[in-house]
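The primary structure of each chain is shown beneath.
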Amino acid sequence: MIFFRSNRFLSAILTVATIWLSWSIAMNSLIYFQSAKPTAFFAEKGSLVESPIWICAFYWHITASCICLLAGAPLMIPAMLRYRQLHRILGYLYFVLVLWIAAPTGLIMAPVAKGGLPGAVGFAVIGIGWWWTTWNGYQAIRKKEIKPHINWMIRSYSIALSAVTFRLFQIGLFYVGLEDTTNYILSIWLSLGTSVVMSELCIRNLNQKTKFELRSNIHKTVSIEGVSR
Amino acid sequence: MNRILAISMIVVVCTFMVSYFWVSGMQNQQDHTPLAKTTNVESNQTTSTSDPPVELLDADSAKELLLKSIREKSSEYRMLSRARIRRESRIETVYIQNTTEPNAPYFLGTMTISKNAENSTVAFAIDRVTQSIYIFANSQWHNQKDWILY
């Protein structure tokens, strides 16, 4: 996966961790479809569960987001880029799910999110950011601008992965002993911050690598030309 | 925007609308079903729709029901919480929230359980209609049948 191409070992570990954690989130979401028991999340929401718009948004959001997380992973693995048709299909799937389902439904639920105003604003920022980065990624590839497309899609998938980092922060802060609501709010903002920082680091790393490859290719070309002369 | 994205947007919006109307239709249907009928269907009794509805629990009855149920269930050990409360624990206080909404399906609340002067808070929910009790422990809700006891 495009994490740190200069450090393949770290990149491989992060790739496996990302896929495994995304899969875990998807599996954990199944409880909402198969269980007749009230889950903690629903019980917490109280009368909101009675609202048809909220319940629709919730189910659409979890379904689309889980598929996005899983569909996005192969799109971020450079070795998978050789399968262009697959990349195209998964890419469209990702665009459709994020732009029309996952991000808008997230925004529908954001105002009533746990954590009051800070929580609501946090989720709204994530939703808008996710939509915006994905839309830019789509616009870039429509104009056949590969580099901006890669950069925007890294940002988009990084925001998608904030679902994973959010849960990791929540678990970590729980063990620190933080109060539930504070933990929730802090986890939202920390996951957003982590997504932004990680995506920018990846893009920087990728650009440096590209520059290095370009320079070494020029160097090779010059040397070959020098030898041939 | 190209055709694929435009068509998918229309399809998604339409499907979302259908699901919205389907869910609200289902909920309307549930709202018009007498509570008595729902309860009696579960206990395999026949009833007419004209039966009077079951009287909803008030906060005090819910509290009493919860305490009674916990005491019965935990004859040997007290109920599980993240803090692993053991037999010497005792229920200190029970708070019932959400009582202002008579139509809410659950009483939600927390109770403080003390063990060796250390307090621990456990969340619970009581189904108003079936009077089932759910306890939040180990990151999920357990009903009376599957409470995990330590």
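From a predicted model like this one, the values you see are computed outputs, not experimental measurements.

Visitor: Help me understand the overall build of chain B, please; the structure alone is not making it clear to me.
Guide: Broken down by element type, chain B carries 3 helices and 5 strands. Helices and strands appear in chain B in the N-to-C order α-α-α-β-β-β-β-β. In chain B, which comprises 150 residues, the proportion classed as buried is 35%. Element-wise, carbon and sulfur atoms account for 51% of the exposed surface of chain B, whose accessible area totals about 9,400 Å².

Visitor: I tried to follow the environment of Y184 of chain A on my own but got confused; where do I start?
Guide: Within the secondary structure layout, Y184 of chain A lies in helix α9 (residues 180-228). Not counting chain neighbours up to four residues away, the residues in contact with Y184 of chain A comprise K114, F123, F166 and Q170 of chain A.

Visitor: Teacher, can you tell me more about the pattern of salt bridges here?
Guide: Two side chains carrying opposite charge are able to pair once their charged atoms lie near each other. All names here are of chain A. Going through the model one piece at a time under the given rule, you end up with 1 salt bridge over all chains. Of the charged contacts in the structure, one is a salt bridge between R155 and E200, with a shortest N-O distance of 2.7 Å. Of this pair, R155 sits in helix α7 (residues 146-160) while E200 is found in helix α9, placing the two residues 45 residues apart along the sequence.

Visitor: Can you help me understand the packing of helix α5 (residues 84-109) of chain A against α7 of chain A in this one?
Guide: Between two packed helices, both the angle of their axes relative to each other and the distance between the axes serve to describe the pair. Residue and element names in this part refer to chain A. At a minimum axis distance of 13 Å, the contact between α5 and α7 shows a crossing angle of 55°. One way to sum up the angle between α5 and α7 is to call them oblique. Here α5 and α7 pass one another in a crossing that is left-handed. Along the contact surface, α5 presents H87, Y94 and F95, while α7 presents H149, M153, S156, Y157 and A160.

Visitor: Quick question: what am I supposed to make of a nonpolar patch on the surface here?
Guide: There is a patch of nonpolar side chains on the surface, built from W23, M27, L30 and F33 of chain A and spanning about 400 Å² of accessible area. Examined against the element boundaries, M27 of chain A turns out to sit in helix α1 (residues 8-29).

Visitor: Is there a simple way to explain the packing of aromatic side chains in this structure?
Guide: Any two aromatic rings considered together are summarised by their centre-to-centre distance and by the angle between their planes. Residue and element names in this part refer to chain A. Here the structure, examined in full by the defined rule, presents 12 aromatic pairs over all chains. The interplanar angle of 70° and the centroid separation of 6.1 Å between the aromatic rings of F123 and F166 together place this pair among those described as edge-to-face. A residue pair is termed long-range when its members are at least 10 positions apart, and F123 in helix α6 (residues 116-142) and F166 in helix α8 (residues 162-176) qualify at 43 residues. By relative accessible area, F123 is classed as partly exposed at 24%. Residue classification places F166 among the buried residues on the basis of a relative accessible area of 9%. By way of ring pairs, the aromatic residues F95, W131, W135 and Y138 are connected into one cluster. The aromatic ring of W152 is capped on one face by R155, whose charged end is 4.7 Å from the ring centroid.

Visitor: I keep staring at unusual backbone geometry and nothing clicks. Help me out?
Guide: Note: most residues except glycine have negative phi, and most peptide bonds are trans. Residue and element names in this part refer to chain A. Unusually for a residue other than glycine, K144 sits at a positive phi of about 60°. Within the secondary structure, K144 is located in the loop between α6 and α7. Overall, K144 belongs to the exposed group, its relative accessible area being 70%.

Visitor: I'm lost on the nonpolar core in this one. Help?
Guide: The nonpolar side chains of a soluble globular protein tend to be buried, and buried together. Ranked by internal contacts, the top residues of the largest apolar core, which has 55 residues, are Y94 and W130 of chain A together with L5 of chain B. Listing elements by their share of this core, those giving two or more residues are α1, α4 (52-75), α5, α6, α7, α8 and α9 of chain A together with α1 (3-31) of chain B. With 14 residues, the top contributor of residues to this core is α4 of chain A. Discounting chain neighbours no more than four positions away, the residues touching L5 of chain B are Y92, F95, V96, L99, W100, W135 and Y138 of chain A. By size, the runner-up hydrophobic cluster in this structure holds 9 residues, among which are V122, F124, I133 and I135 of chain B.

Visitor: Help me understand the confidence of the model for chain B, please; the structure alone is not making it clear to me.
Guide: Close inspection of predicted coordinates is inappropriate for parts of the model with low pLDDT. Residue and element names in this part refer to chain B. Confidence in the prediction for chain B averages 62 pLDDT; 40% of positions are at 70 or higher. Within chain B, no element has a lower average pLDDT than helix α2 (residues 35-42), which sits at 33, and none a higher one than α1, at 83. Across the whole predicted complex the pTM is 0.65, and at the interface the ipTM reaches 0.73.

Visitor: What exactly am I supposed to notice about α7 of chain A here?
Guide: Turn by turn, an α-helix covers 3.6 residues, leaving residues three or four places apart pointing in a common direction. Its 15 residues place the ends of α7 of chain A 21 Å apart at the C-alpha level, agreeing with the 21 Å of an ideal helix rising 1.5 Å per residue. Within α7 of chain A the residues assigned to the buried category are H149, N151, M153, I154, R155, S156, Y157, S158, I159 and A160 of chain A.

Visitor: I'm lost on the packing of α5 of chain A against α6 of chain A in this one. Help?
Guide: All names here are of chain A. Put simply, α5 and α6 touch, their axes get as near as 9 Å, and they point 160° apart. Relative to α6, the element α5 is oriented roughly antiparallel. The chirality of how α5 crosses α6 is left-handed. Residue-level inspection shows Y94, F95, V98, L99, W100, A102, A103, P104 and L107 of α5 in contact with α6, the latter providing A124, G127, I128, W130, W131, T134, W135, G137, Y138 and I141. A per-class count over the contact of α5 with α6 returns 16 nonpolar, 3 polar and no charged.

Thresholds applied
- Residues numbered from 1 in each chain as written.
- Chains lettered and ligands numbered in written order.
- Predicted model: local features only at pLDDT ≥ 70, side-chain atom pairs only at ≥ 80, totals over all residues.
- Heavy atoms only, no water.
- Helix = DSSP H or I, 4+ residues; strand = E, 2+ residues; numbered from the N terminus.
- Buried < 20%, exposed > 50% of the residue type's maximum accessible area, 1.4 Å probe, protein only.
- Areas by Shrake-Rupley, 256 points an atom, 1.4 Å probe, with all protein chains shown as cover.
- Contact = heavy atoms within 4.5 Å.
- Salt bridge = Lys/Arg side-chain N within 4 Å of Asp/Glu carboxyl O.
- Axes fitted to C-alpha atoms, helices over the stretch in contact; angles between N-to-C directions.
- Parallel < 35°, antiparallel > 145°, perpendicular 65-115°, else oblique.
- Left-handed = near helix turned anticlockwise from the far one by under 90°.
- Patch = residues over 30% accessible without salt bridge, like charges linked within 9 Å, V, L, I, M, F, W, Y side chains within 5 Å.
- Phe/Tyr/Trp six-rings, centres within 6.5 Å; stacked < 30°, edge-to-face > 60°.
- Lys NZ or Arg CZ within 6 Å of the ring centre and 35° of its normal.
- Core = buried A, V, L, I, M, F, W, Y, C linked by side-chain atoms within 4.5 Å.
- pLDDT = per-residue confidence, 0-100.
- Expected span 1.5 Å × (residues − 1).
- Nonpolar A, V, L, I, M, F, W, Y, C, P; charged D, E, K, R; others polar.

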